[in-house]
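Structural overview
This is what each chain is made of:
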Amino acid sequence: RLLPETDPWSRQMMMGQGTFIELLDIALRERGQRAEIQLFPEGAPGPKQLDARPVARIRVVPDASVAKDPLFAQIKRRHTNRLAYDPSARISADAWRAMAGAAQEHAVAFGHVDATQPEVLARHRAIANEAWRIELSTPNTFLESLKVMRVGAAEVAKHRDGLTLLDPMVVALEKVGLFDRSKAPAPDSYAVSSQVKDFAQKMASTSAFLWLTSEGNERAMQVGAGRAYARVQLAATGAGLAMQPLSQALQEYPQMAAPYAEIHRLLGAEQPRQTVQMWARVGRAPDVGPAPRRGLQAHLRG
């Protein structure tokens with residue numbers, strides 16, 4: 001499940017592990033249990049390559065004194081929302097404080113921008129659009145996505161994982177054998193241009209962005225940033241807000257170097273000392289249901 005093209009150093013993979021650990025910790029607290037978490041019990045992998053050593057060893061201990069976490073109530077409501085947002089909606093100061101407070105436990109810095117800074121907001125949108133265009137126009141990164149692309153409702157229901165593409169034109173092309181997933185489409189093809197256009201429309205509807213930055217970029221910090229992001233999104237969900245991670249400009253492959261440097265400059269993250277671990281759009285949007293998933297048993301092994 002690693003993504004060597006778009007996530008060559010597996011930083012985002014580590015963040016995903018952190019998201020899981022945080023949700024597990026919160027859920028165990030609700031059951032009167034404590035998670036004793038030991039990160040990298042056999043040592044951490046190097047900065048640019050993972051290996052077979054475990055990310056964490058977690059011991060579940062009954063503990064009636066453990067405090068429940070109010071964010072638990074939002075776990076089943078927490079979803080990534082990729083729809084257009086309401087550009088006129090404003091996020092309250094209380095909601096921003098709740099999200100910032102949720103991030104504090106895991107040693108990351110929280111920042112945000114909204115419509116009160118229109119010029120800065122425009123720069124965020126421009127970087128996001130350019131990064132998305134680069135990812136779709138780079139053959140290796142596009143092919144990596146195509147391998148896990150589920151086109152149409154039938155494929156989504158069958159696999160219940162990967163990336164979902166429900167564009168009626170693309171689905172029609174797939175049905176007649178004209179959407180070839182064995183090779184990357186040309187940058188000016190409909191498969192690319194339609195997604196670039198659709199993404200730009202959604203960025204134009206976005207009136208707020210948030211981010212998490214860290215001092216350093218060690219593996220434990222990456223896991224901690226994932227834990228912090230899970231908490232931020234739960235807090236946002238509790239405030240009735242939608243969120244979507246914007247991972248493209250934070251990816252470390254060569255073609256993304258310019259947007260990567262630009263988003264770090266914009267957010268005041270001085271490299272190499274500081275790293276932008278997460279960047280996301282946030283706002284109000286129509287509700288979406290949970291993404292299809294394979295279920296717990298499909299992920300367990302003895």
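Cut-offs used in this document
Each chain carries its own residue numbering, running from 1 in the direction its sequence is written. Residue-level local features of this predicted model are given only where pLDDT is at least 70; pairs of side-chain atoms are given and counted only at 80 or more, and the full residue set underlies all totals for whole chains, interfaces and linings. Heavy atoms throughout the structure, all of them, feed into the side-chain values; hydrogens and water do not. We define a salt bridge as a contact between a side-chain nitrogen of Lys or Arg and a carboxyl oxygen of Asp or Glu at a distance within 4 Å. Secondary structure counts use DSSP, requiring at least four H or I residues in a row for a helix and at least two E residues in a row for a strand, with both numbered from the N terminus. Angular values range over 0 to 180 degrees, each being the angle between N-to-C directions of two axes fitted as lines to C-alpha atoms, with helices fitted over their stretch in contact. Geometric relationships in this document are graded by angle, where less than 35 degrees denotes roughly parallel, more than 145 denotes roughly antiparallel, 65 to 115 denotes roughly perpendicular, and other angles denote oblique. In a left-handed crossing the near helix is turned counterclockwise from the far helix by less than a right angle, and in a right-handed crossing that turn is clockwise. Contacts: residue pairs with any heavy atoms within 4.5 Å of one another. Here the nonpolar group is Ala, Val, Leu, Ile, Met, Phe, Trp, Tyr, Cys and Pro; Asp, Glu, Lys and Arg are the charged ones; every other residue, Gly included, is treated as polar. Strand pairing is assigned whenever DSSP identifies at least 2 bridges connecting the two strands. The aromatic pairing rule takes the rings of Phe, Tyr and Trp, using the six-membered ring of Trp, and pairs them if the centres are within 6.5 Å, calling planes under 30 degrees apart stacked, those over 60 edge-to-face and the rest tilted. The rule is simple: take the accessible area with a 1.4 Å probe, protein chains only, and divide by the maximum for that residue type; under 20% is buried, over 50% is exposed, in between is partly exposed. Counting as a charge over the ring demands two things of the Lys NZ or Arg CZ atom: a distance within 6 Å of the ring centre and an angle within 35 degrees of the ring normal. Contacts described as polar in this section are N or O atom pairs within 3.5 Å, which, within protein, must combine one atom able to donate a hydrogen with one able to accept it, while residues neighboring in sequence count only if both atoms come from side chains.

A few words on the pattern of salt bridges. Two side chains of opposite charge can pair, provided their charged atoms sit close to one another. Scanning all chains against the criterion turns up 21 salt bridges. Taking the shortest distance from any N to any O, the salt bridge between Glu174 and Arg181 comes out at 2.9 Å. Here Asp198 and Lys202 are joined by a salt bridge, their closest N and O atoms 3.0 Å apart. A residue pair is termed a helical-turn pair when its members lie 3 or 4 positions apart in one helix, as Asp198 and Lys202 do in helix α7 (residues 190-204) at 4 residues.

Let us now look at the packing of helix α3 (residues 118-137) against α7. For the pair α3 and α7, the least separation of the axes is 10 Å and the interaxial angle reads 160°. In terms of orientation, α3 and α7 fall into the roughly antiparallel class. Considering how the two elements wind past one another, α3 and α7 form a crossing that is right-handed. The residues of α7 that touch α3, namely those facing Arg125, Ala128, Asn129, Trp132, Arg133, Leu136 and Ser137, are Val192, Gln195, Val196, Phe199, Ala200, Met203 and Ala204. Residue composition of the contact of α3 with α7, grouped by class: 9 nonpolar, 3 polar and 2 charged.

Running from N to C, α3 and helix α4 (residues 139-146) cross one another at 80°; their axes reach a closest spacing of 5 Å. It follows that α3 is roughly perpendicular to α4 by the angle criterion. Here Ile134, Glu135, Leu136 and Ser137 of α3 come into contact with α4, specifically with Pro139, Thr141, Phe142 and Ser145.

Looking now at the sheet that holds strand β8 (residues 274-283). If you walk across this open sheet you meet the 4 strands as β3-β6-β8-β7, and the pairing is antiparallel. Edge positions in the open sheet fall to β3 (109-114) and β7 (242-245), since each of these has one partner strand only. Along the sheet, successive strands turn relative to each other by an average axial angle of 25°, direction set aside. The pairing of β3 with strand β6 (residues 208-215) spans 6 bridges and is antiparallel. Pairing of Ala109 across the sheet is with Thr213, part of β6. Across the face of the sheet, helix α2 (residues 93-103) comes into contact with β3, β6 and β8 while running at roughly 155° to β3.

By the element assignment, Leu50 lies in the loop between β1 (33-39) and β2 (56-62). Here the alpha-carbon distance between Leu50 and Trp9, two residues 41 residues apart in the chain, equals 7.8 Å. Setting aside chain neighbours within four positions, we find Leu50 in contact with Leu2, Ser10, Met13, Met14, Pro45 and Arg219.

A few words on the environment of Leu136. When you line up the elements, Leu136 lands in helix α3. Spatially, the C-alpha atom of Leu136 lies 35 Å from that of Leu71, the residues being 65 residues apart in sequence. In this view, Leu136 contacts Phe142, Val192, Gln195 and Val196; residues no more than four positions away in its chain are not counted.

Right, let's talk about the packing of aromatic side chains for a bit. Across all of its chains, the model carries 3 aromatic pairs by this definition. Between the aromatic rings of Trp96 and Phe110, the centroid separation amounts to 6.4 Å while the plane-to-plane angle is 55°, which identifies the pairing as tilted. Of the two residues, Trp96 sits in helix α2 while Phe110 sits in strand β3, which places them 14 residues apart along the sequence. By relative accessible area, Trp96 is classed as buried at 6%. Residue Phe110 is classed as partly exposed on the basis of its relative accessible area of 21%. In this arrangement the basic side chain of Arg281 is found over the ring face of Tyr85, its NZ or CZ atom lying 3.6 Å from the centre.

With that settled, the discussion passes to the side chain of Asn81. In this fold, Asn81 is placed in the loop between β2 and α2. In this structure the side chain of Asn81 is engaged in a polar contact, spanning 2.9 Å, whose partner is the backbone oxygen of Pro286. Those residues in contact with Asn81 that lie beyond four places of it in its chain are Ala242, Met243, Gln244, Arg281, Ala285, Pro286 and Val288.

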